[in-house]
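# Chain and residue survey
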Amino acid sequence: MSTLSIVDSHVHLWNPAQLRYSWLDGLPALNRAFLPMDFGTASANSNVGKIIFVECGCEPAQSLAEVDWISNSAKTEPRLRGVIAHADLEKGESVRPDLEKLAANPLVKGVRRNLQGERDLNFCLQPEFVAGVKLLAEFGFTFDLCIRHDQLQSAAELVRRVPKTNFVLDHFGKPDVRGKKTEPWAADLKTLAALPNVVCKISGLATEADWNHWQSADLKFYFDWTVQSFGFDRVLFGGDWPVATLAASYERWLETVGELFSFATEAERAKLFQINAERIYRV
């Protein structure tokens, strides 16, 4: 793996002194600035050549300011090649002006409207939301699906209804690793993976396990099932830094992914760690 130039498809950066992230209030370990230089330190022993920034849950009214902030940061961090921005897709056609603004920035490759906090399992199937997701295809934007495992069925229906938009499932669809549960996550993931316009990030799983005591063996089933379901052409590595540091250092997560996919061929590892992300996010 040391010869691969890794593309990290899921990196967060934020500065609470500049933008408001209310969800950080309950996570003191994360409630400070995490800047490109900090990521550089955390990933110093890893051969990361490109990174994709993913929106960080600031106040929705500040989401365009977040894109401006990270775009300025890219001027001093040449590895930052893509941005997945927030947009209020539930506005339907009315979100078009926001998408036009995002499209004017060549760094923006896609949108994530985080769904994991929605109590209504069918939130993403509301007509206006579906209409907003359909608009993304006009701009060549992907849609990152950040959902809980109990939202996988409705997410699959969304993907089915919007065949022209390409979807990226974050964090394996967040299975209950801590509770050692595999169903209905496994069946629902397979249903989602049967749809051609969705891929899956190999990211964010340690934080779904016991933060302080997890071992790679706890994650093995979820890794194996995901790659069986999606295949090596539709999985991509993500570090989920710094959120992942609640459970693992950057280096440990990278080592864990390498260990659990040690059976993969050199060509398959190149797809997982580099080629797929470059294709999907056009970087």
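All of the points below concern the structure found in this document. (Residues numbered from 1 in each chain as written. Predicted model: local features only at pLDDT ≥ 70, side-chain atom pairs only at ≥ 80, totals over all residues. Heavy atoms only, no water.)

### Regarding the packing of aromatic side chains
- Going through the model one piece at a time under the given rule, you end up with 21 aromatic pairs.
- Pairing Phe223 with Trp253 gives two aromatic rings, centres 5.9 Å apart and planes at 55 degrees, and the pair type is tilted. In this pair, Phe223 sits in helix α7 (residues 216–230) while Trp253 sits in helix α8 (residues 250–260), placing the two residues 30 residues apart along the sequence.
- On the basis of relative accessibility, which here comes to 0%, the residue Phe223 falls in the buried class.
- Pairwise contacts between aromatic rings join Trp14, Tyr21, Trp23, Phe34, Phe39, Trp241 and Tyr250 into one cluster.
- One residue, Lys190, lies across the ring of Trp225, its end atom 4.9 Å from the ring centre.
- Above the face of the Trp214 ring, Arg252 is positioned so that its terminal group lies 3.6 Å from the ring centre. (Phe/Tyr/Trp six-rings, centres within 6.5 Å; stacked < 30°, edge-to-face > 60°. Helix = DSSP H or I, 4+ residues; strand = E, 2+ residues; numbered from the N terminus. Buried < 20%, exposed > 50% of the residue type's maximum accessible area, 1.4 Å probe, protein only. Lys NZ or Arg CZ within 6 Å of the ring centre and 35° of its normal.)

### Let's talk about the pairing of strand β4 (residues 108–111)
- As judged from the three bridges shared by strand β3 (residues 80–85) and β4, these two strands associate in the parallel manner. Paired with Ala85 across the strands is Val111, a residue of β4.
- Between the parallel elements β3 and β4, the chain passes through helix α3 (residues 96–103) in a crossover that is right-handed.
- Examined bridge by bridge, β4 and strand β5 (residues 142–145) share two bridges and lie parallel to one another. Residue pairing for β5: Val111 is matched across the bridge by Phe143.
- As for the winding sense of the linkage, the β-α-β connection from β4 through helix α4 (residues 127–138) to β5 is right-handed. (Pairing = 2+ DSSP bridges. Right-handed = clockwise from strand over helix to strand, strands pointing away.)

On their own, these measurements won't tell you what the molecule is for.
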